[in-house]
Amino acid sequence: VPAETDPVTDENWSDHPKVTAAQALAERIDLSAKTSSWRTETVKDSTHDPSVRELIAAQDERGQIRRLTIIEVSGELSRTTVQYYDDDKVLRLVKADDAHAASEALYRTTIFFDATGEELHRRDKRLLSEQSGPSLSAPVADRLLTSSDAAKALMETHRALISPGE
């Protein structure tokens, strides 16, 4: 197991204490959103982005958004991004699932952040292959694989929801 001061690498990321801390935080947030007095509600999208279909915020007892789910659809492409925030409103984990309807391709990008909001590690993974239908064209595949950049952009776009007035 790497030490907390060790850099996160492709070889040690799954056991790195900073990554496992972000994963544990996300698990606690998911559990709290289901079992506690937290509120989950659809919030208004202030970006007026036509591809954003829904923003769903899970708020703790203080009204602080701890999990923000963004559902986007553009033609045959869809993206569901889930952002997890700690008690200090720092983004700690992003999961972005990108799907292409015609090819049944599904990709997941996971980005881990440390307690200061600095990116620790990014994982891009194909979850489903093209089972049927046409294969992905290179531009479509490139759009799906850039989901981590899109997730970061969404985080910046929706920062006002997480930290109003800052």
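Up top you'll find the structure we're talking about.
Residues numbered from 1 in each chain as written. Predicted model: local features only at pLDDT ≥ 70, side-chain atom pairs only at ≥ 80, totals over all residues. Heavy atoms only, no water.

A word on the overall build of the protein
Helix and strand content of the protein: four helices and seven strands. Taken from the N to the C terminus, the helices and strands of the protein come in the order α-β-β-β-β-β-β-β-α-α-α. Out of the 166 residues in the protein, the part that is buried amounts to 42%. As displayed, the protein has an accessible area near 8,900 Å², and 49% of this comes from carbon and sulfur atoms. (Helix = DSSP H or I, 4+ residues; strand = E, 2+ residues; numbered from the N terminus. Buried < 20%, exposed > 50% of the residue type's maximum accessible area, 1.4 Å probe, protein only. Areas by Shrake-Rupley, 256 points an atom, 1.4 Å probe, with all protein chains shown as cover.)

Quick look at the pattern of salt bridges
Where charged atoms from two side chains of opposite charge come close, those side chains can pair. For the structure shown, the criterion picks out eleven salt bridges. R67 is the salt-bridge partner of D30, the closest N and O atoms lying 2.8 Å from each other. Note that D30 is positioned in helix α1 (residues 17-35) and R67 in strand β3 (residues 65-74), a separation of 37 residues in sequence. Under the relative-accessibility criterion, D30 is labelled partly exposed at 21%. Exposure remark for R67: the relative accessible area of 16% places this residue in the buried category. In this structure, the salt-bridge partner of E72 is R79, at a minimum N-O distance of 3.7 Å. Accessibility assignment for this pair places E72 and R79 in one class, buried. One continuous salt-bridge network, built from bridges that share partners, spans D60, R62, R66 and D87. (Salt bridge = Lys/Arg side-chain N within 4 Å of Asp/Glu carboxyl O.)

Things to note about the nonpolar core
Ranked by internal contacts, the top residues of the largest apolar core, which has 15 residues, are V19, Y84 and F112. Only α1 and β4 (77-85) provide two or more residues apiece to this core. Among the elements that take part in this core, α1 stands out by supplying six residues, more than any other. Leaving out residues up to four positions away in the same chain, V19 has contacts with V8, W13, F112 and L120. In this structure, V43, V52, L68 and I70 belong to the second largest nonpolar core, which totals seven residues. (Core = buried A, V, L, I, M, F, W, Y, C linked by side-chain atoms within 4.5 Å. Contact = heavy atoms within 4.5 Å.)

What about the layout of surface pockets?
Size it by volume and the largest pocket reaches roughly 220 Å³. W13, R108, T110, F112 and R123 are, among the 13 residues lining the largest pocket, the residues nearest its centre. Among the elements of the structure, α1, β5 (91-100), β6 (105-113) and β7 (119-128) are those that each provide at least two residues to the lining of the largest pocket. Top contributing element to the lining of the largest pocket by residue count: β7, with four residues. For the lining of the largest pocket, the residue count by class is five nonpolar, two polar and six charged. (1 Å grid on protein atoms, 1.4 Å probe; cavity = no way out; pocket = protein on both sides within 12 Å on 5 of 7 lines; lining within 4 Å. Points joined across faces, edges and corners; volume = space filled by probe spheres on them. Nonpolar A, V, L, I, M, F, W, Y, C, P; charged D, E, K, R; others polar.)

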